[in-house]
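Residue strings, one per chain:
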Amino acid sequence: MSARVTRRLWFGTLPAAPLSALDLTRAGAEYVHPRKVLLWESTRKEFREALEGGALKAMVIPAGSTEQHNEHLAMIHDTASVTLVAQQAALLLYPQVMVATPVSVGISPHWMDRKGTLSLRRETFLAVVFDISESLKTHGVKTILILNGHGGNDKPLREAAPEFRRKLGINIQAANYWDAYTPGIIKKYMESNKAPAHAAEFETSFALAAFPERIHWEGVDYAKAKPRLGIKDPASAQQDEQFHHEAKLAAAWKGEAMIRIAVEWTAGRLRQMIGQG
Ligand SMILES: [Zn+2]
């Protein structure tokens with residue numbers, strides 16, 4: 001049986017090509033079906049037994065967004081990317097970690113002048129994350145990593161984490177998966193020297209490596225679209241155009257390297273949280 005991790009995402013299975021950077025054989029682990037670490041793909045029997053048997057020690061709540069990602073990248077990118085990192089990290093630590101259903105709309109008022117963006121108010125978003133955490137606590141989960149994949153969620157989650165800990169009395173921490181990227185790593189892999197940025201070289205590279213079917217360059221003509229974009233802030237409009245050009249620097253190998261670094265960093269963070277760090 002193949003020992004490779006297949007790229008199964010939160011809404012189904014991708015084409016068979018493995019993510020070459022992630023090969024469980026190097027950890028000496030046996031093949032694990034990728035759904036096994038996903039709460040929403042598990043039965044109550046499976047989840048109950050994982051909890052009661054003491055194997056399951058921590059959960060990850062991926063926090064993403066549904067928002068414009070320039071002209072070429074699907075709006076679900078932040079949710080899909082952070083969920084992928086969470087899932088791959090959980091597979092490395094199987095059976096100690098599972099991933100809760102991602103929060104797929106985030107705090108994105110800064111992109112509302114670009115069509116398609118959905119945004120939750122800060123208090124709504126934090127209430128959803130808190131209620132999911134409380135649900136997990138009710139079932140007996142004592143360690144939770146809220147793993148974020150969208151810039152607008154970052155500060156609110158970091159600010160709220162101590163309050164969540166106080167109210168629930170369990171170990172809850174918040175981190176962005178891109179906290180893994182030191183300036184040296186960014187310089188090494190990103191020609192634009194930027195990560196995460198937005199729908200530019202990094203995120204497009206991630207998508208090329210993990211889910212290329214979410215990239216749609218066909219028919220994209222930025223110059224033609226520009227007068228119709230309606231971006232109010234001139235600095236933001238300029239950045240939007242710059243990110244569009246930087247996205248063309250993307251390459252699958254860059255995405256693979258960055259994904260692997262994020263997955264290993266996240267697994268390390270989880271190991272620390274469950275007391276093996
Ligand atoms: Zn993004």
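Scroll up to find the structure.
Here's what I pulled together on the structure shown here. What you see is a predicted model; the values in this text were computed from it and never measured.

## Some remarks on the packing of helix H2 (residues 77-92) against helix H9 (residues 252-273)
Where H2 contacts H9, the two axes come as close as 8 Å, and the packing angle between them is 60°. With respect to their mutual orientation, H2 and H9 come out oblique. Note that H2 runs across H9; the crossing there is right-handed. For the pair formed by H2 and H9, the contact residues are Leu84, Val85, Gln88, Ala89 and Leu92 on the first element and Ile259, Ala262, Val263, Thr266, Ala267 and Leu270 on the second.

## Notes on the coordination of the zinc ion
Six octahedrally arranged donors around a metal ideally form angles of 90 or 180 degrees; four tetrahedrally arranged donors ideally form angles of 109.5 degrees. Around the zinc ion, the protein contributes the donor atoms His69 (NE2), Asp78 (OD), Glu203 (OE) and Glu203 (OE), at 1.9 to 2.5 Å from the metal centre. Angles of 55 to 136° at the metal separate the four donor atoms of the zinc ion, which places the site in the irregular class.

## A word on the packing of helix H3 (residues 122-138) against helix H4 (residues 151-168)
One can describe the packing of H3 onto H4 by two numbers: an axis separation of 10 Å at closest approach and a directional angle of 40°. Judged by the angle between their axes, H3 and H4 are oblique. Along this stretch, H3 crosses H4, giving a crossing that reads as right-handed. Only Asn153, Pro156, Leu157, Glu159, Ala160, Phe164, Lys167 and Leu168 of H4 make contact with H3, whose side of the interface consists of Arg122, Phe125, Leu126, Val129, Phe130, Ser133, Glu134 and Lys137.

Conventions adopted
- Residues numbered from 1 in each chain as written.
- Predicted model: local features only at pLDDT ≥ 70, side-chain atom pairs only at ≥ 80, totals over all residues.
- Heavy atoms only, no water.
- Axes fitted to C-alpha atoms, helices over the stretch in contact; angles between N-to-C directions.
- Helix = DSSP H or I, 4+ residues; strand = E, 2+ residues; numbered from the N terminus.
- Parallel < 35°, antiparallel > 145°, perpendicular 65-115°, else oblique.
- Left-handed = near helix turned anticlockwise from the far one by under 90°.
- Contact = heavy atoms within 4.5 Å.
- Donors = N, O, S within 2.8 Å, 3.2 Å for Na, K, Ca; no water.
- Tetrahedral: all angles 85-135°; square planar, octahedral: opposite > 155°, others 65-115°.

Geometric descriptors of this kind do not, in isolation, establish any biological role.
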